[in-house]
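Summary of structural features
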Amino acid sequence: MVLAELGNKLSAALQKMQAVTVVSEEVIDRMLGEVARALLEADVNVKIVGELRKAIKTRLNFEEEAAGTNRRKTIQRAFVEELSKMLDPGTKAYDMKKSKSNVVMFVGLQGAGKTTTIAKFAHHYQRKGWKCCMVCADTFRAGAYDQLRQNATKLRCPFYGSFSEADPVKIAEEGVRQFRREKYEVIIVDTSGRHRQESALFDEMQEIRAAVEPDDVVFVLDATQGQSVGDQAKAFHEAVDIGSVVVTKLDGHAKGGGALSAVAATGAPVVFLGSGEHFDDFEPFNPRSFVSRLLGMGDMRGLVEQIKDTVDNKDQMDKFAKGTFTLRDMYEQFENVMKLGPLNKVMAMIPGIPQLVGEDQGGNRLKRFMYMMDSMTDDELDGRVDLDKCPSRLDRVARGSGTHPVEVHMLLKCHKQFERVVSKMGKSGLMKGGDANMAKQMQRNPNNVMQQLHKAMDPRMLQQMGGAQNLMNMMKEMSKLEGEAGKGGSLL
Ligand SMILES: Nc1nc2c(ncn2[C@@H]2O[C@H](COP(=O)(O)OP(=O)(O)OP(=O)(O)O)[C@@H](O)[C@H]2O)c(=O)[nH]1
């Protein structure tokens, strides 16, 4: 989680309020004081902090007049909403259109992380099935061409650039024209890093903009620069009309709050956060989800939306409803989880599940399991042969996947556990019609669902997910989202 330190301080301030018997005016003032200090330490602008404090206080006074409101809950809600507002300029980012060429031009200061971000951006959209490509119009920095081309090769993403052509406007124009002709959906244009004092480079950026007519101009902003990026962001905005912002280098940087709040000056929304040098260190930004996660409250909305984007397996859910769950089904479930992104990031969105320390291990474990299943025959995957009873087959799977037979045993054990859960839930009728139906049943008869969950799930697994009550809350959230995600769904 980015800005973990700030998140810990903010949730500690809120938790203290849970511990007192009476939430008096004094307790609230103390809490707001702590919140303000934490935000200032994270480099958020002092004026913004003052406004936030005032806004929360005003809301509390106003909302408390409504009889019967729970003071702690009101404070928590006001807190989340006001913090989210602080990060939300209220404008919408460009919405990428499927089956059309969307041209996205990246701009930013030197070394802000544009080239790296472009690779992450392409990877993000490729994973969702978009046809992406890249154009390198950075003729200023030696090495930019190679860096982008290498990333493009790693991602198997078509690339346009030139070693010999010195005019970035010409390259950008030709590259975009070619990719438009070839009907690429996401055409990403990299430009040279520049500074607002360099007027020639600013002119050039405007010329590129005029030549490629982008649908969106993304400003890449380095979080380590703190509040000072505000002025730069404004200068870029005036020159090329920034449509959205990506904040990079938020990994472990205590002062990232400064950059995040400075973005508000441009009026353009932050769309992604970068938190490392790998392609996966990239997450969509939604102010409300971000604040919920910052405060350790999980982010069901984000998770459900991510699942909706990646998973579409109604037939599979119907099959599970009959209690059938083969190794092949498990493989597909693992694939769905992998498509959502790194496992620790997925886990962080689920309320009640603490961030697993060194969780990438979990991701690696899944990958190894998948290698083993890749080495299986159709009969083995579809449950027509019981691998547990055929040691020679089991050894073959281990050899084929470069793993140890003990690990293959572990995989089979894991599959048996899931099979048991699916079979019990299937028999109980809970899964008929997918998660949406589960949510409906839960609204009608929550006690019954709670009992079924207790019966179906391994108590340790249930405990790890924050208990049956927490699972119910998660499902309630899902049903609030009109059960849309329930049309598909991932079991894991
Ligand atoms: N820790 C961390 N490093 C990052 C992140 N994004 C980029 N970097 C690093 O920042 C450095 C500069 O990134 P580039 O992508 O080359 O920057 P650029 O904006 O294209 O540079 P110019 O073309 O000179 O403007 C590289 O060492 C990247 O690995 C991030 O989110 N976290």
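Starting afresh in each chain, residues are numbered from 1 along the sequence in its written order. In keeping with the predicted nature of the model, local features appear solely for residues at pLDDT of at least 70, side-chain atom pairs appear and are counted solely at 80 or more, and the whole-chain, interface and lining totals rest on all residues.

**Quick look at the site of the ligand**
The criterion for a residue being near a molecule or strand is a backbone-placed C-beta atom within 6 Å of that molecule or strand. As a matter of local geometry, the ligand sits amid 20 residues, with Gly113, Lys114, Thr115, Gly193 and Gly274 nearest to it. Take the shell around the ligand: its biggest share by element is three residues, from helix H5 (residues 114-127). Considered class by class, the residues forming the shell around the ligand number two nonpolar, eleven polar and seven charged. Note on conventions: DSSP H or I runs of at least 4 residues are helices, E runs of at least 2 residues are strands, and numbering of each starts at the N terminus. Each residue gets one label: Ala, Val, Leu, Ile, Met, Phe, Trp, Tyr, Cys and Pro are nonpolar, Asp, Glu, Lys and Arg are charged, and the others, such as Gly, are polar.

**Some thoughts on the nonpolar core**
Counting residues in hydrophobic clusters, the biggest one holds 86 residues, and the most contacted among them are Val135, Ile188, Val189, Phe219 and Val247. Of all the elements, strand S2 (residues 132-137) adds the most residues to this core, at six residues. Inspection of this core shows a minimum of three residues originating in each of domain 1 (4-86) and domain 2 (102-294). Among all residues touching isoleucine 188, those that are not within four sequence positions of it are Val104, Phe106, Ile118, Phe121, Ala122, Cys132, Met134 and Val135. Working definition: the nonpolar core is a set of buried Ala, Val, Leu, Ile, Met, Phe, Trp, Tyr and Cys residues, joined through C-beta atoms within 7 Å. Labels follow a simple rule on C-beta atoms placed from the backbone: if 20 or more others lie within 10 Å of a residue's own, it is buried; if 12 or fewer, it is exposed; otherwise it is partly exposed. Residues Phe325, Leu327, Met373 and Val397 belong to the second largest nonpolar core, which totals ten residues. For the domains described, the bounds stem from an automatic or database domain assignment. The contact criterion used here is simple: two residues whose C-beta atoms, placed from the backbone, lie within 7 Å are in contact.

**Points about the UniProt feature "domain: SRP54-type proteins GTP-binding" (unreviewed entry) in the chain**
UniProt positions are given in the numbering used here, feature names are shortened, and annotations may be inferred rather than shown by experiment. The UniProt entry lists residues 269-282 under the feature "domain: SRP54-type proteins GTP-binding" (unreviewed entry), expressed in the numbering used here. In residues 269-282, the share of helix is 0% and the share of strand is 43%. The end C-alpha atoms are 16 Å apart.

**Comments concerning the pairing of strand S6 (residues 244-248)**
With five of its five residues buried, S6 lies for the most part within the structure. Here S6 shows two buried faces, one formed by Ser244, Val246 and Thr248 and the other by Val245 and Val247. At least two bridges found by DSSP between two strands are what make those strands a pair. Here strand S5 (residues 216-222) pairs with S6 via five bridges, running parallel. The residue of S6 that forms the bridge with phenylalanine 219 is valine 245. The handedness rule is simple: strands pointing away from the viewer, and a clockwise path from the first strand over the helix to the second, make the crossover right-handed. One crossover worth recording links S5 to the parallel S6 by way of helix H9 (residues 229-240), and it is right-handed. Looking at chain direction, S6 and strand S7 (residues 270-274) are connected through three bridges and run parallel.

**Some remarks on the packing of helix H4 (residues 71-86) against helix H11 (residues 287-294)**
Lines fitted to the C-alpha atoms define the axes, with helices restricted to the stretch that makes contact. Angles between their N-to-C directions range from 0 to 180 degrees. At their nearest, the axes of H4 and H11 sit 8 Å apart, and the two run at 130° to each other. On the basis of the axis angle, H4 is oblique to H11. The hand of the H4/H11 crossing is right-handed. On H11, the residues touching Val80, Leu83 and Ser84 of H4 are Pro287, Arg288, Val291 and Ser292. When grouped by side-chain class, the residues that make up the contact of H4 with H11 number four nonpolar, two polar and one charged. By the definition adopted for this analysis, an angle is roughly parallel if under 35 degrees, roughly antiparallel if over 145, roughly perpendicular if from 65 to 115, and oblique otherwise. Less than a right angle of anticlockwise turn of the near helix away from the far helix marks a crossing as left-handed, whereas a clockwise turn marks it as right-handed.

**Some points on the confidence of the model for the chain**
Note that predicted coordinates carrying low pLDDT should not be read in detail. Every residue is assigned a pLDDT by the predictor, reflecting its confidence on a scale from 0 to 100. Of all residues in the chain, 71% attain a pLDDT of 70 or more, and the chain-wide mean is 77. Low pLDDT (under 50) marks residues 350-361, which in the prediction has 30 contacts with non-local residues, meaning those over four places away or in another chain. Predicted confidence is poor over residues 481-492, with pLDDT under 50, and the contacts of this stretch with residues over four places away or in other chains come to 39 contacts. On the interface metric, ipTM, the complex scores 0.96, and its pTM is 0.66.

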